[in-house]
Amino acid sequence: MSSPTRRLTVAQALVRFLSVQYTERDGVRQRLIAGTWGIFGHGNVAGLGQALLEAGEDAMPYHQGRNEQAMVHAAVGYARQLDRLSAQAVTTSIGPGATNLVTGAALATVNRLPVLLLPGDSFATRAADPLLQQLEHPVEADLTVNDTLRPVSRWFDRVTRPEALIPAALHAMRVLADPVETGAVTLALPQDVQAEAYDWPEEFFAERIWRVRRPAPDPAELAAAARAIERAARPLIVAGGGVHHSGAEDALRALVDATGIPVASTQAGKGSLRHDHPADVGGIGHTGTAVCDDLARAADLVIGVGTRYTDFTTASNTLFQNPDVRFVNLNIAAFDAHKLAASSLVADARTGLDALTEALAGHRVDAGYEAEYRAGKERWERVVAAAYRGDDDAVPTQTQVLGALDAVVGDDDVVINAAGSLPGDLHKLWRARGRRQYHLEYGYSCMGYEIPAAIGVQQATPDTPVWALVGDGTYLMMPTEIVTAVQEGLPVNLLLIQNHGYASIGGLSESVGGERFGTAYRYRAADGTFSGDPLPVDLAANAGSLGMDVLRATTVRELRDALATARASDRPTCVYVETDTATATAPPAEAWWDVPVAATASREAAVRAREEYERQVAARRRHL
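Now for a look at the structure at hand.

Conventions we followed
Residues numbered from 1 in each chain as written. Predicted model: local features only at pLDDT ≥ 70, side-chain atom pairs only at ≥ 80, totals over all residues. Heavy atoms only, no water. Helix = DSSP H or I, 4+ residues; strand = E, 2+ residues; numbered from the N terminus. Contact = heavy atoms within 4.5 Å. Pairing = 2+ DSSP bridges. Axes fitted to C-alpha atoms, helices over the stretch in contact; angles between N-to-C directions. Buried < 20%, exposed > 50% of the residue type's maximum accessible area, 1.4 Å probe, protein only. Lys, Arg positive; Asp, Glu negative; His and termini not counted. Salt bridge = Lys/Arg side-chain N within 4 Å of Asp/Glu carboxyl O. 1 Å grid on protein atoms, 1.4 Å probe; cavity = no way out; pocket = protein on both sides within 12 Å on 5 of 7 lines; lining within 4 Å. Points joined across faces, edges and corners; volume = space filled by probe spheres on them. Nonpolar A, V, L, I, M, F, W, Y, C, P; charged D, E, K, R; others polar. Parallel < 35°, antiparallel > 145°, perpendicular 65-115°, else oblique. Left-handed = near helix turned anticlockwise from the far one by under 90°.

**Some thoughts on the side chain of Ser-122**
Part 1: Mapping Ser-122 onto the fold places it in the loop between strand S7 (115-121) and strand S8 (155-158).
Part 2: Beyond its immediate chain neighbours, meaning those up to four positions away, Ser-122 contacts Ile-94, Leu-131, Gln-134, Thr-144, Pro-190, Gln-191 and Asp-192.

Next up, the structure:
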């Protein structure tokens, strides 16, 4: 007797399949694909567009975007806010719509965050050749522009036959739900195949639960890690994003309360402990705090928890200077656990931390070490207070803008940023109060991430105040999704900071002998340089023209009031402020970052920068 079947198009079958996929962790079940973002063109309108319409909002909610890259950013923000247990799909037409996905896909994969990409593709049958927007390759006839997504996807397939969708869809769900493998997953869908009908087995549409594992550590690895910690005089924990993804904050706090080991945080891991916990010593690395980086230089054991150890964290391998320093890495991915020649502890962060706490029962660091880092923490708090403090009637500096925001937000607010000079100030100064309050995308540091990500976070947690912190450079990259926030009635808050140029790169340019070339937003002067008057752009008016409520602030007091008004509003609201860039209130970098400097130059600034570069690079070491 034959099994029952259902006749649907490939696109209809895919939407139906996605609507009944779930994750489950710790007994809690969530939709794996909770909605689909889409911009329609000839490559997906009659396939996935028709299928989404037919399925209806209950089966698969649809979200209308304005830019394909931004749709991926929104989906990534959504997934991060929900600890990678629920994700969204993004569908585009063929051609530029598909290639616009590449930057968002790279961001998702670099940050280990799940998103399902469903770009249209050229005809599988090649009934007409070439198609509108088809890339013709002289020696690879089966190559399409979607192949640009291969290197930035954790898994890629092109569905050239209806029946091929079944294994492709199952593999896609497996990767999205796996905390080790997750990232961008691409199913390229030829536009003719999307509309083709097939008799699908009913089993394909049965509810399916993808259980998100919490693997326990190997007993021998656990014992080795515990011995290393017990023998260390100056251990330091480096908390990465894996702490948040695992929901391991309570487990980390329990370990720290029991042992007294201080905790440094990466950009992704900040907030793993509340800022006021005695063992939280703040950010680490190039954008880290003075107390944290001093501890890192002297540490004899570094315990990485859920971190990838980027060059910002290690100060380009110049930070950990103790000749006897060793590493223990707790990570769910063996690939990351091995880094810096560490003793690996391959396990889920929460499970591994619980096991370490039990294995270290009765062990505590020396009281003198605790007193040392607590005193350093108190000194740094005075630095933060000074950076935040400003005359109520003065034009605020950027750090005073953060101080005003700090005075307004609640413990559950989410603060989002990704690029420019803000990540450094935030990593050093922000007082993280909740486990998901600090939302920095610094794996890819993508300008334009903040506004769409705020939409995704707001979708994931509707009652949470969400703040997108954006400089003028980032705003001009991608303000488009303001329209989406207005359309959907999402009360995201945009804190728009005007400083007339690429402030972060300007500072970096100056430090490497580039003399801030090409970083100011100014008229071209008579000598050909961009050193004239500031450009007369009005970004607040632009945000208003896209439908946001706009509040302008010119002083510290006005800024605080405007931020409070925005937080209380149920409308998308922009707070616009022009900052004082002449007064330096940001603490300097406490550790180096390797940006190679010209080895030969005629300009004095570059010559001096090269001398400093050679001095710094001499401190680099290999941890073997």
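Resuming the write-up.
**A closer look at the sheet that holds strand S5 (residues 62-64)**
Part 1: Strand order across the open sheet formed by six strands is S5-S4-S6-S7-S9-S8, with parallel pairing between neighbours. Since the sheet does not close on itself, it has two edges, and those belong to S5 and S8, each with one partner. Neighbour to neighbour, the strand axes of the sheet diverge by 20° on average, direction disregarded.
Part 2: Sheet analysis places S7 next to strand S9 (residues 184-190), joined by five bridges and oriented parallel. Within S9, the residue paired with Asp-121 across the bridge is Pro-190.

**Regarding the side chain of Lys-428**
Part 1: Here Lys-428 is to be found in helix H17 (residues 422-429).
Part 2: Of the side chains with opposite charge, Asp-425 lies nearest to the buried Lys-428, which makes no salt bridge, at 4.9 Å.
Part 3: If near-sequence neighbours (up to four positions away) are discounted, Lys-428 is found in contact with Thr-287, Gly-288, Thr-289, Trp-380, Val-384, Pro-587, Pro-588 and Ala-589.

**Brief notes about the layout of surface pockets**
Part 1: Estimates place the volume of the second largest pocket at around 310 Å³.
Part 2: Phe-123, Arg-126, Gln-134, Ala-141 and Asp-142 are, among the 20 residues lining the second largest pocket, the residues nearest its centre.
Part 3: When the residues that make up the lining of the second largest pocket are grouped by side-chain class, the tally is eight nonpolar, five polar and seven charged.

**Overview of the pattern of salt bridges**
Part 1: Counted according to the given criterion, the structure contains 40 salt bridges.
Part 2: The closest approach of N and O atoms between Asp-336 and Lys-339, which form a salt bridge, is 2.8 Å.
Part 3: Residue classification places Asp-336 among the buried positions, given a relative accessible area of 3%.
Part 4: The exposure class assigned to Lys-339 is partly exposed, which follows from its relative accessible area of 22%.
Part 5: A salt bridge links Asp-413 to Arg-567, with the shortest nitrogen-to-oxygen separation between them at 2.8 Å. With Asp-413 in the loop between helix H16 (398-408) and strand S18 (414-417) and Arg-567 in helix H23 (residues 556-568), this pair connects stretches of sequence that are 154 residues apart.
Part 6: Owing to a relative accessible area of 0%, Asp-413 belongs among the buried residues under this scheme.
Part 7: Through salt bridges with shared partners, a single ionic network connects Asp-26, Arg-214, Asp-348 and Arg-350.

**Brief notes about the packing of helix H3 (residues 68-81) against helix H18 (residues 450-460)**
Part 1: In the contact formed by H3 and H18, the axes pass within 7 Å of each other and the chain directions differ by 40°. Judged by the inter-axis angle, H3 sits oblique to H18. When you trace H3 past H18, the crossing you get is right-handed. In this structure, H3 contributes Ala-70, His-73, Ala-74, Gly-77, Tyr-78 and Gln-81 to the contact, and H18 contributes Pro-452, Ala-453, Gly-456, Val-457, Gln-459 and Ala-460.
Part 2: Partitioning the contact of H3 with H18 into residue classes produces seven nonpolar, five polar and no charged.

**Some words on the environment of Pro-4**
Part 1: Mapping Pro-4 onto the fold places it in the segment before strand S1 (5-9).
Part 2: Here Pro-4 falls in the exposed class, since its relative accessible area comes to 53%.
Part 3: When sequence neighbours within four positions are dropped, the list of residues in contact with Pro-4 reads Trp-200, Pro-201, Glu-202 and Glu-203.

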